[in-house]
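What the coordinates show
These are the residues of each chain, in order.
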Amino acid sequence: MAIVSFRFIGGPENGLSYYQVNIGGGGLSLSKNASDNNVSWVLNSQVIAYSADIYYPMRIDVKGNNIKVYFDDAATPNIDFTDDGSYGALQPAGSIGFGSNDSYGHVFYDDIVVTPI
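The notes below deal with the structure included here. Owing to the predicted nature of the structure, the values given are computational and were not obtained by experimental measurement.

Let's shift gears to the pairing of strand S5 (residues 58-63). Sheet topology note: the S5/strand S6 (residues 66-71) ladder contains six bridges and is antiparallel. Note that in S6 the partner of arginine 59 across the bridge is tyrosine 70. Between S5 and S6, which pair antiparallel one after the other, the connecting turn spans two residues, and glycine 64 there sits at a positive phi close to 65°.

Okay, the side chain of asparagine 44 next. Locating asparagine 44 in the fold gives a position in strand S4 (residues 39-47). Within the structure, the side chain of asparagine 44 is placed 3.1 Å from the side chain of glutamine 46, a separation counted as a polar contact. Sequence-distant contacts of asparagine 44, that is, excluding residues within four places in its chain, are made with Leu28, Ser29, Leu30, Ile79 and Asp80.

This part is about the nonpolar core. Membership of the largest hydrophobic core comes to 14 residues, with the highest contact counts inside it found for Leu28 and Leu30. Among the secondary structure elements, those contributing two or more residues to this core are strand S1 (2-11), strand S2 (15-24), strand S3 (27-34), S6 and strand S7 (79-82). Residues contacting leucine 28, with those up to four places away along its chain left out, are Val21, Asn22, Ile23, Asn44, Ser45, Gln46, Ile48, Met58, Val69, Phe71, Asn78 and Ile79.

Turning to the pattern of salt bridges, a few remarks are in order. Counting across every chain of the model gives two salt bridges. For the salt bridge of lysine 32 with aspartate 83, the shortest nitrogen-to-oxygen distance reads 2.7 Å. With lysine 32 in strand S3 and aspartate 83 in the loop between S7 and strand S8 (95-100), this pair connects stretches of sequence that are 51 residues apart. For the pair shown, lysine 32 and aspartate 83 are each scored as buried. The closest approach of N and O atoms between arginine 59 and aspartate 61, which form a salt bridge, is 3.0 Å. The exposure class of arginine 59 is partly exposed, given its relative accessible area of 42%.

Within this structure, the stated rule accounts for five aromatic pairs. If you follow arginine 59 out to its NZ or CZ, it ends over the ring of tyrosine 70, 3.9 Å from the centre.

About the thresholds
- Residues numbered from 1 in each chain as written.
- Predicted model: local features only at pLDDT ≥ 70, side-chain atom pairs only at ≥ 80, totals over all residues.
- Heavy atoms only, no water.
- Pairing = 2+ DSSP bridges.
- Helix = DSSP H or I, 4+ residues; strand = E, 2+ residues; numbered from the N terminus.
- Polar contact = N/O pair within 3.5 Å; in protein donor to acceptor, adjacent residues only side chain to side chain.
- Contact = heavy atoms within 4.5 Å.
- Core = buried A, V, L, I, M, F, W, Y, C linked by side-chain atoms within 4.5 Å.
- Buried < 20%, exposed > 50% of the residue type's maximum accessible area, 1.4 Å probe, protein only.
- Salt bridge = Lys/Arg side-chain N within 4 Å of Asp/Glu carboxyl O.
- Phe/Tyr/Trp six-rings, centres within 6.5 Å; stacked < 30°, edge-to-face > 60°.
- Lys NZ or Arg CZ within 6 Å of the ring centre and 35° of its normal.

Structure below.
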């Protein structure tokens, strides 16, 4: 499973808050972890076709409280979600992070670009 976290804030003393895109298990999902109640929600998910050992481009556009996720050069977003605050406090800013779940094999990241939009 490939994992991209963004608007990541907090730490051990006050909890972690972030959005996360996961690719694995036959799908693409957007989730949110909110430290104000230490709960994680899947905000949106889509079934996607992908194969191991193939590079797939992915783009995440975040503007205000709208998040768009594009997988494999999709012309329109696979996920288009606007966070209205129903799932914990809005995350206005923060760091980015990359990870994987080794039960799905190795994940490699390349050509990472962060730009203001």
